[in-house]
Amino acid sequence: MESLPNFSLLRPRSIAEAVAARAGAGEIRFLAGGTDLLPALRHGLMQASTLIDLSNVAELRGITSDREGVRIGAGTTIQELSAHPLVARDYPAVAEAAVAIAGPTHRAVGTVGGNLCVDTRCRFYNQSEPWRTANNFCMKLAGDICRVAPKADRCYAAYSGDLAPALIAHAAIAEIIGPAGLRHAPLAEIFTDDGIVYLTLAPGELLVSVRLPAAPGWRSGYEKIRTRGAIDFPLVGVAVALRCENGKLRELRVVVTGTDSCPLSIVGLDDLCALPLDEALTRLDKLVRKQVGPMETTLAPATYRRRVVPVLARRLINRLLPGVPA
Ligand SMILES: Cc1cc2nc3c(=O)[nH]c(=O)nc-3n(C[C@H](O)[C@H](O)[C@H](O)COP(=O)(O)OP(=O)(O)OC[C@H]3O[C@@H](n4cnc5c(N)ncnc54)[C@H](O)[C@@H]3O)c2cc1C
């Protein structure tokens, strides 16, 4: 069993203190629930000289609402999110994604911010140190090539967080604070399609909250496939949000996790809304299969994962269309 390396632990009580602490020297990281970070440190996937424990920063926690929508603090636990009645009522994809994350003990301490910033994954990376040494490492850590795309000039580890696609399908806005002050950005923009540098957050930036705009008339859902029915990361996860008028599809969003190095918003869906449903779903199948880019990052083959994405999308759309209770 690999042991946790030594590090200093800082325990700020405010966002300002946390951001100031992050500006110090050395390899400094934010620690939320620790369910991803601490195992990564133990397996030697990351180094840290100092961890900034965010659990005492009350400003980061909680879910509030107003007429504009809902604000979810980055320090809110996944368990709190999954059990929140307003989230379940108005943003069901988010509640469904939350309850599908890991297991109950992870959800009790794992946070929204930690889930969104969770490291990308690959079967050549998420291994013990002896395994990686024996297999000559990979580009994401200590090696030269991406083992799933040896000719590529970047790493193809897959972003596999469950919450991001559901929040992005609801047009979430991220609130971010850092040395340069406070800024807001569409949540989709904090990700980039690179297995190593998968976040666009600048050094020292802290995710403070995500805001979901009010969603009258929207229906949404989330489905994932995974090896076991609990605990496991998604091999593929799909969030769908749609809005109908007079029984007709008017807006459709499909966001995928587990296939690419960032959550992938399927583009070109506007034209589909005008088509008869059968035709729209057939076109959707083609669009999705063309846009997702799963690689052999999991033990389940990439071809299977590419084929299952449109199946989940189709299943969700059929579930969410009027006539079926939301
Ligand atoms: C067995 C197991 C199964 C899992 N299954 C799933 C799964 O099915 N789906 C899934 O999505 N995840 C899964 N996870 C990963 C993890 O448990 C969750 O993603 C969890 O929500 C991470 O949150 P955390 O608060 O524990 O993050 P931490 O581990 O504390 O942090 C994760 C990363 O986010 C950064 N970070 C944390 N908060 C902030 C912030 N506010 N601003 C900027 N950076 C921040 C940290 O520095 C770190 O890099 C699993 C983990 C394990 C061990």
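Residues numbered from 1 in each chain as written. Predicted model: local features only at pLDDT ≥ 70, side-chain atom pairs only at ≥ 80, totals over all residues. Heavy atoms only, no water.

What about the overall build of the chain?
Scanning the chain from N- to C-terminus turns up 11 helices and 12 strands. Relative to a compact globule of 326 residues, whose C-alpha radius of gyration would be 20 Å, the chain shows 20 Å and is just as compact. Dimensions of the chain, computed from C-alpha atoms along their principal axes, come out at roughly 60 × 45 × 35 Å. Here the chain holds 326 residues, and 51% of them are scored as buried. Here the contacts in the chain between residues at least 6 apart in sequence split such that 62% fall between residues at least 24 apart. By element, 54% of the accessible surface of the chain is carried by carbon and sulfur atoms, the whole surface being about 15,000 Å². Distance from the positive charge centre (37 side chains) to the negative charge centre (32 side chains) of the chain: 5 Å. (Helix = DSSP H or I, 4+ residues; strand = E, 2+ residues; numbered from the N terminus. Rg over C-alpha atoms; globule rule 2.2 N^0.38 Å. Buried < 20%, exposed > 50% of the residue type's maximum accessible area, 1.4 Å probe, protein only. Contact = heavy atoms within 4.5 Å. Areas by Shrake-Rupley, 256 points an atom, 1.4 Å probe, with all protein chains shown as cover. Lys, Arg positive; Asp, Glu negative; His and termini not counted. Charge placed at Lys NZ, Arg CZ, Asp CG, Glu CD.)

A few points about helix H10 (residues 277-291)
With 15 residues, H10 extends 21 Å between its outermost C-alpha atoms, agreeing within 8% with the 21 Å of an ideal straight helix rising 1.5 Å per residue. Taken as a whole, H10 has its buried residues at Ala280, Leu281, Leu284, Asp285 and Val288. Down the axis of H10, the sector holding all buried residues measures 145 degrees, keeping them to one side. The exposed set on the far side of H10, more than 90 degrees from its buried face, consists of Lys286 and Lys290. Along its buried surface, H10 packs onto strand S11 (248-257) and helix H11 (302-320). (Expected span 1.5 Å × (residues − 1). Arc of directions from axis to C-beta.)

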